[in-house]
Structure formats: structure tokens, C-alpha cells
Amino acid sequence: MIAIDGPAASGKSSTARAVAAALGFRQADSGALYRAATAARLRVAGAPESWTEDSVLDAARVVSVRPAAGVFEALIDGEVADAELRGAPVTAQVSRVAAMPGVRAWVNERMRECAAMGPIVVDGRDMGTVVFPGATLKVWLVASTAERARRRSAELLGRMPSEEEHVLEAAQLEARDARDSRQSQPAADAVRIDTTLLTPEEQAARIVALARQRL
Ligand code: DC
């Protein structure tokens with residue numbers, strides 16, 4: 001069990017997937033479950049400001065997790081919905097949903113079910129602190145806000161952002177960091193890796209090397 005946590009757009013999920021591939025593990029992204037619960041709730045009528053925890057948990061009954069090659073997929077109504085999960089409407093509301101204790105318990109239960117199915121790399125905010133405190137290796141990934149904004153924009157736009165787009169993305173990331181800060185803290189025994197100047201391959205290679213020392 002390897003737990004990779006860190007703030008938004010610090011490269012957790014892509015790194016976790018690469019580490020899982022190198023080790024022959026599966027990756028499970030807890031953020032995708034918070035996003036799936038949010039997407040499922042958005043599909044039901046009602047202004048986000050009036051969402052109750054019960055209404056989110058009720059909507060989330062259509063969310064499931066399926067083991068696939070190298071990864072656990074989060075499904076809505078039995079279907080992969082990655083574009084919806086990553087889209088702006090879900091991103092704008094996901095912190096609200098992630099602040100609900102019952103939703104956190106629901107995600108944590110799904111994550112523990114995944115872990116019971118075999119060796120796994122998990123990623124999120126509180127994997128090493130709350131959900132898997134006994135993880136073999138805990139990593140806390142960080143990167144400068146400017147670099148995180150550049151990566152996120154490049155991913156969303158498929159090109160380098162303009163100066164204006166970059167500034168907007170950085171502001172949105174910082175706002176989300178602030179909203180998520182309660183559950184987003186490194187474990188005392190986490191290895192902190194600053195990825196600002198690292199390539200995705202270098203990030204993954206460092207974690208794989210650490211994992212091999214400990215496994
Ligand atoms: O990593 P991400 O951007 O896909 O995460 C989506 C949201 O879910 C993020 O705003 C914070 C929340 N989250 C959380 O509270 N705890 C986790 N373990 C993972 C994600």
C-alpha cells in the first residue's frame with residue numbers, strides 16, 4: 001500500500017498511476033470518487049447551495065468502482081464518465097461535497113474495499129493520515145502554485161495557457177486549496193517531494209525507488 005497525497009494539481013493521480021504500473025499494483029484515486037458523487041448529485045435537480053448530505057449520498061448510489069487493468073475506475077450508472085468528472089461544473093462544487101462527513105465516510109469505505117482486493121497505490125488528500133495510516137510508504141507531493149496552474153491549464157486546454165488564463169487558473173487552485181485545507185495535511189511520516197522542477201517520469205521514479213526500498 002502506497003499513499004500519495006497533496007494539493008490540487010500537484011500531479012498525484014498521474015504519478016500514482018505510473019507508480020502502480022511500475023510495481024504491478026492498481027491505482028485508486030479518491031478524488032475521482034468525490035468527483036463522481038458530485039457529478040451524480042449534479043445530474044439530479046436542485047441548486048448546489050441547498051444540497052444536503054443525504055441527497056448527495058442518495059445520488060451517489062449510482063456510483064460504483066470497478067477493477068480494470070492497473071486502475072480502479074469510478075463509474076456512474078455503470079459507465080466511465082471521466083470528462084464529466086474533470087469538467088468545470090464538478091470542479092466548482094466538489095469541495096462542498098468533500099466537506100460532508102457522511103460523504104467522506106462513503107469514499108473511505110470504497111477505498112478500503114479497493115485495498116482489500118490486492119496491492120494498491122491510493123491518492124488523494126488524507127489517504128496517509130485518515131484512511132490508510134499504516135501505509136508502507138506515504139508521499140506528500142507539492143509544487144508551486146504557478147507550476148500547478150500551468151499543468152492544469154495545459155491538461156484542460158491541450159496547449160499553453162495565455163497569461164490571463166494562467167492567472168485565473170492559479171487563483172482557482174488557491175481558492176480550492178483553501179476550501180480543502182482541513183482534510184489536506186501531510187502525515188507526520190510522509191516523504192515530501194517537491195515536483196515543481198521534476199518531469200512526470202522523475203516523480204514516479206523517485207517514488208518507485210522509495211517503494212522498492214520498503215516493500
Ligand atoms: O484531487 P482532485 O482535484 O481530483 O480532488 C477533488 C476534490 O476532492 C478536491 O477538491 C478535494 C477533495 N478530496 C478530498 O477532500 N479528499 C481526498 N482524499 C481526495 C479529494
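What counts, and at which threshold
- Residues numbered from 1 in each chain as written.
- Predicted model: local features only at pLDDT ≥ 70, side-chain atom pairs only at ≥ 80, totals over all residues.
- Heavy atoms only, no water.
- Phe/Tyr/Trp six-rings, centres within 6.5 Å; stacked < 30°, edge-to-face > 60°.
- Lys NZ or Arg CZ within 6 Å of the ring centre and 35° of its normal.
- Near = heavy atom within 4 Å.
- Polar contact = N/O pair within 3.5 Å; in protein donor to acceptor, adjacent residues only side chain to side chain.
- Areas by Shrake-Rupley, 256 points an atom, 1.4 Å probe, with all protein chains shown as cover.
- Helix = DSSP H or I, 4+ residues; strand = E, 2+ residues; numbered from the N terminus.
- Nonpolar A, V, L, I, M, F, W, Y, C, P; charged D, E, K, R; others polar.
- 1 Å grid on protein atoms, 1.4 Å probe; cavity = no way out; pocket = protein on both sides within 12 Å on 5 of 7 lines; lining within 4 Å.
- Points joined across faces, edges and corners; volume = space filled by probe spheres on them.
- Salt bridge = Lys/Arg side-chain N within 4 Å of Asp/Glu carboxyl O.
- Buried < 20%, exposed > 50% of the residue type's maximum accessible area, 1.4 Å probe, protein only.

Chemist: So what exactly am I meant to see when it comes to the packing of aromatic side chains here?
Modeler: How two aromatic rings sit relative to each other is given by the distance of their centres and the angle of their planes. Using the criterion set out here, one finds 0 aromatic pairs in the structure. The cationic tip of arginine 26 hangs over the ring face of phenylalanine 72; the distance from NZ or CZ to the ring centre is 5.4 Å.

Chemist: What is the right way to read the site of the ligand from this model?
Modeler: Close to the ligand lie 17 residues; Arg35, Arg104, Arg125, Asp126 and Asp180 are nearest. Aspartate 180 is positioned such that a nitrogen or oxygen atom in its side chain is 2.7 Å from an oxygen atom of the ligand. For the ligand, whose accessible area on its own is 450 Å², the fraction buried by protein is 98%. Elements represented by at least two residues in the shell around the ligand include exactly helix 2 (30–42), helix 5 (88–98) and helix 9 (163–180). A total of 4 residues in the shell around the ligand trace back to one element, the largest contributor, which is helix 2. Of the residues in the shell around the ligand, the class split is 4 nonpolar, 5 polar and 8 charged.

Chemist: Help me understand empty space enclosed by the protein, please; the structure alone is not making it clear to me.
Modeler: One water molecule sets the probe size; rolling that probe over the atoms shows where empty space is left. Counted by the stated rule, this structure contains 2 cavities of 30 Å³ or more. Roughly 60 Å³ of internal volume is contained in the largest cavity. Surrounding the largest cavity, Ala28, Asp29, Ala32, Leu33, Val65, Phe72, Glu73, Ala74, Met111 and Cys114 form its lining. The set of elements that each furnish at least two residues to the lining of the largest cavity consists of strand 2 (26–29), helix 2, strand 4 (71–76) and helix 6 (101–115). Among the elements that take part in the lining of the largest cavity, strand 4 stands out by supplying 3 residues, more than any other. Residue classes in the lining of the largest cavity are distributed as 8 nonpolar, no polar and 2 charged. Its boundaries defined by the atoms lining it, the second largest cavity holds a volume of some 30 Å³.

Chemist: I tried to follow the pattern of salt bridges on my own but got confused; where do I start?
Modeler: Oppositely charged side chains can pair when the atoms bearing their charge come close. Under the definition given, this model contains 15 salt bridges. Two residues, aspartate 126 and arginine 104, come together in a salt bridge whose shortest N-O distance is 2.8 Å. Separated by 22 residues along the polypeptide, aspartate 126 in the loop between strand 6 (120–124) and helix 7 (127–131) and arginine 104 in helix 6 bring together distant segments of the chain. Take aspartate 126 and arginine 104: they sit in the same class, and that class is buried. Here aspartate 180 makes a salt bridge to arginine 125, at a shortest N to O gap of 3.7 Å. With a gap of 55 residues between them, aspartate 180 in helix 9 and arginine 125 in the loop between strand 6 and helix 7 connect regions that are remote in the sequence. Arginine 125 shares its class with aspartate 180; the two are buried. Members of the salt-bridge network, linked through shared partners, are Arg43, Asp77 and Glu84.

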